[in-house]
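Residue-level listing of the chains:
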Amino acid sequence: MKWLTAAGAAAALAVGTATVWGMGWRGLLLLLAFLISGSLLTRGGGRRDARQVVANGGVAAAAALLGSWPAFAGAVAAAAADTWATEIGACSSAPPRLITSGVSVPAGANGGITLLGTAGGVAGAAAMGGVTWGLGAHDLRLAAVAAAAGVLGMLIDSLLGATLQGPEDAWLNNDGVNLATTLAGAGLAAAGWRLCC
């Protein structure tokens with residue numbers, strides 16, 4: 001698979017197996033919708049390693065094993081929102097602004113956001129919500145909760161990037177932030193589902 005290293009493929013197999021075990025084929029299709037859309041949007045041909053796969057899919061796999069559709073869909077929506085925001089935002093002609101202060105920062109800076117990237121992230125979260133609905137949930141409330149949790153997870157990702165994220169060898173690097181993002185998406189979706197439904 002050209003999108004994954006060998007270790008990344010092994011991690012993806014583990015995440016996929018956990019997903020099928022807990023959520024069945026519908027869960028696997030949602031996970032594939034994220035993987036394929038994110039990979040198609042990613043420029044530069046970078047291949048994802050095992051840490052990146054676990055950071056983006058580990059929480060969803062855990063939610064699947066726990067049997068929680070809202071948490072599973074929220075984690076996937078958050079991962080998609082973050083990936084789509086990053087890749088679509090890279091096309092913005094306007095410079096990114098730090099989410100905490102609005103100060104202009106160089107493209108690719110941690111915590112930098114653009115209007116185009118944010119709109120892309122919202123679209124990514126909404127797409128995963130739509131896929132959730134289309135896969136048989138047939139409950140617009142679940143799709144909306146997952147999408148909203150995905151958007152909030154994306155914003156949390158940017159906030160963590162601006163305030164706590166360090167270089168790749170830091171205690172909180174990009175993989176750690178992505179893990180926190182998907183955990184936030186899962187938790188917010190599960191809580192939102194309990195509150196509304």
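Residues numbered from 1 in each chain as written. Predicted model: local features only at pLDDT ≥ 70, side-chain atom pairs only at ≥ 80, totals over all residues. Heavy atoms only, no water.

### Let's talk about the side chain of Thr114
Along the polypeptide, Thr114 turns up in the loop between β2 (112–113) and α4 (115–137). Look at Thr114 and you get buried, because its relative accessible area is 11%. Only 2.8 Å separates the side chain of Thr114 from the backbone nitrogen of Gly117, close enough to count as a polar contact. Contact partners of Thr114, with chain neighbours within four places excluded, come to Gly89, Ser92, Ala94, Pro95 and Pro96. (Helix = DSSP H or I, 4+ residues; strand = E, 2+ residues; numbered from the N terminus. Buried < 20%, exposed > 50% of the residue type's maximum accessible area, 1.4 Å probe, protein only. Polar contact = N/O pair within 3.5 Å; in protein donor to acceptor, adjacent residues only side chain to side chain. Contact = heavy atoms within 4.5 Å.)

### Re the layout of surface pockets
Considered as a void within the structure, the largest pocket measures approximately 900 Å³ in volume. Lining the largest pocket we find 37 residues, and of these Asp82, Ala85, Thr86, Glu87 and Gly108 sit closest to its centre. For the lining of the largest pocket, the elements supplying multiple residues, two or more each, are α2 (50–65), α3 (69–89), β2, α4, α5 (140–163) and α6 (174–196). It is α3 that provides the largest number of residues to the lining of the largest pocket, a total of 6 residues. When grouped by side-chain class, the residues that make up the lining of the largest pocket number 11 nonpolar, 19 polar and 7 charged. (1 Å grid on protein atoms, 1.4 Å probe; cavity = no way out; pocket = protein on both sides within 12 Å on 5 of 7 lines; lining within 4 Å. Points joined across faces, edges and corners; volume = space filled by probe spheres on them. Nonpolar A, V, L, I, M, F, W, Y, C, P; charged D, E, K, R; others polar.)

### Quick look at the packing of α5 against α6
Packed helix pairs are specified by the crossing angle of their axes together with the interaxial distance, meaning the distance between the axes. Between α5 and α6, the least distance of the axes is 8 Å, while the angle of their chain directions is 145 degrees. Where α5 crosses over α6, the handedness of that crossing is right-handed. Contacts between α5 and α6 involve Arg141, Leu142, Val145, Ala149, Leu152, Gly153, Met154, Ile156, Asp157 and Leu160 from the former and Val177, Asn178, Ala180, Thr181, Ala184, Gly185, Leu188, Ala189, Gly192, Trp193 and Cys196 from the latter. A per-class count over the contact of α5 with α6 returns 14 nonpolar, 5 polar and 2 charged. (Axes fitted to C-alpha atoms, helices over the stretch in contact; angles between N-to-C directions. Left-handed = near helix turned anticlockwise from the far one by under 90°.)

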